[in-house]
Amino acid sequence: MNTPHPSKPTSGDFTKTAGWLDWYAGPAKPTFTVPAGAVDAHCHVFGPGAQFPYAPERKYTPCDASHKQLFALRDQLGFSRNVVVQATCHGADNAAMVDALQHSAGMARGIATVKRSISDGELQALHTAGVRGVRFNFVKRLVDFTPKDELLEIANRIKPLGWHVVIYFEAVDLPELWDFFTTLPTTVVVDHMGRPDTSKPVDGPEFELFVRFMREHSNVWSKVSCPERLSVTGPNAVGGEQQAYRDVVPFAKRIVETFPDRVLWGTDWPHPNLKNHMPDDGLLVDFIPHIANTAALQHKLLVSNPMRLYWPEEN
Ligand code: 0GY
């Protein structure tokens, strides 16, 4: 008899993957006040599974995290808008994400996952719902391989809609993916700074390559998000100062200061796949002034950049 792998979910079973932490209920009110009109440009919804079943091909089964809970968090943190990124646990079924957009009164945009079989009519329906991009995921623990010719075909089809491509990859894979990324015909937004290894120097060859990638390609943007995912030192404050995730600061600060017009920030709520600690989203907001330390930089990061990309009609 075949016994299923314990970490590999089966399609009808929505039992949360072992070791998974639920998102943090009751986050602190941040000390840092975000500028008016701030956008949380990277967050997700999960299900609820009973209404929007998780994809049979998923690599994890999350806890449910609804759009109501997302919008309550937005209000608690002082944000005005969200960009809801299709999570891999929903595969290419964008229904939960689209439902969130449709309940946002125009205050959320979306990033979808699509296959080459999607019709023009379906793409147009996603656009009408508020989708403004597609995500190509190269993180092997999250997705199976999709051929690059399929991705390029999708990129060429979404370009006329004015959409962009969001890419998610690990820093060690950038050299191999460079040629593909630089052929993409749209704006390209990198998730979480290309996941640098923050135990390596900020001016070492690995992160220099990422900086070069952005410097040489003016269509490349970066989310300076997920200190909780990238940090080795972790959430603990040291001394009297709030220095959670302090090892990530030099990486994010460098990107914000070098490319102030091409950076975005997001909570990453409900924080998929965290097993060691779950961040208090209020404290994540308090991380922002450490990486963008002037009002002008904060405004670009949180308001003018995401508005230009996701709500250009309001500019
Ligand atoms: C993130 C990061 C992760 C997961 C996903 O869609 C996803 O499943 O994005 C991760 O596990 O690193 O951006 O939420």
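That block above? That's the structure.
None of these values were measured; they are calculated from a predicted model. (Residues numbered from 1 in each chain as written. Predicted model: local features only at pLDDT ≥ 70, side-chain atom pairs only at ≥ 80, totals over all residues. Heavy atoms only, no water.)

A. Summary view of the overall build of the protein. Helix and strand counts for the protein stand at 10 helices and 8 strands. Here the protein has a C-alpha radius of gyration of 19 Å; the compact-globule value for 315 residues is 20 Å, and the two agree. Taking the principal axes of its C-alpha atoms as reference, the protein extends roughly 55 × 40 × 40 Å. Going through the 315 residues of the protein one by one, you find that 55% of them count as buried. Split by element, the accessible area of the protein, about 13,200 Å² in all, is 54% carbon and sulfur. (Helix = DSSP H or I, 4+ residues; strand = E, 2+ residues; numbered from the N terminus. Rg over C-alpha atoms; globule rule 2.2 N^0.38 Å. Buried < 20%, exposed > 50% of the residue type's maximum accessible area, 1.4 Å probe, protein only. Areas by Shrake-Rupley, 256 points an atom, 1.4 Å probe, with all protein chains shown as cover.)

B. Spotlight on the pairing of strand E2 (residues 81–85). Burial analysis of E2 places 5 of its 5 residues in the buried class, which makes it a mostly covered element. Going residue by residue along E2, you find Arg-81, Val-83 and Val-85 tucked away on one face and Asn-82 and Val-84 tucked away on the opposite face as well. Across 3 bridges, the pairing between strand E1 (residues 39–43) and E2 is parallel. Bridge assignment links Cys-43 to a residue of E2, and that residue is Val-84. (Pairing = 2+ DSSP bridges.)

C. The arrangement of the nonpolar core in detail. Core analysis: the largest hydrophobic core is formed by 99 residues, its most contacted members being Phe-136 and Ile-167. For this core, the element with the highest residue contribution is helix H10 (residues 295–310), accounting for 7 residues. (Core = buried A, V, L, I, M, F, W, Y, C linked by side-chain atoms within 4.5 Å.)

Geometry only, nothing functional implied.
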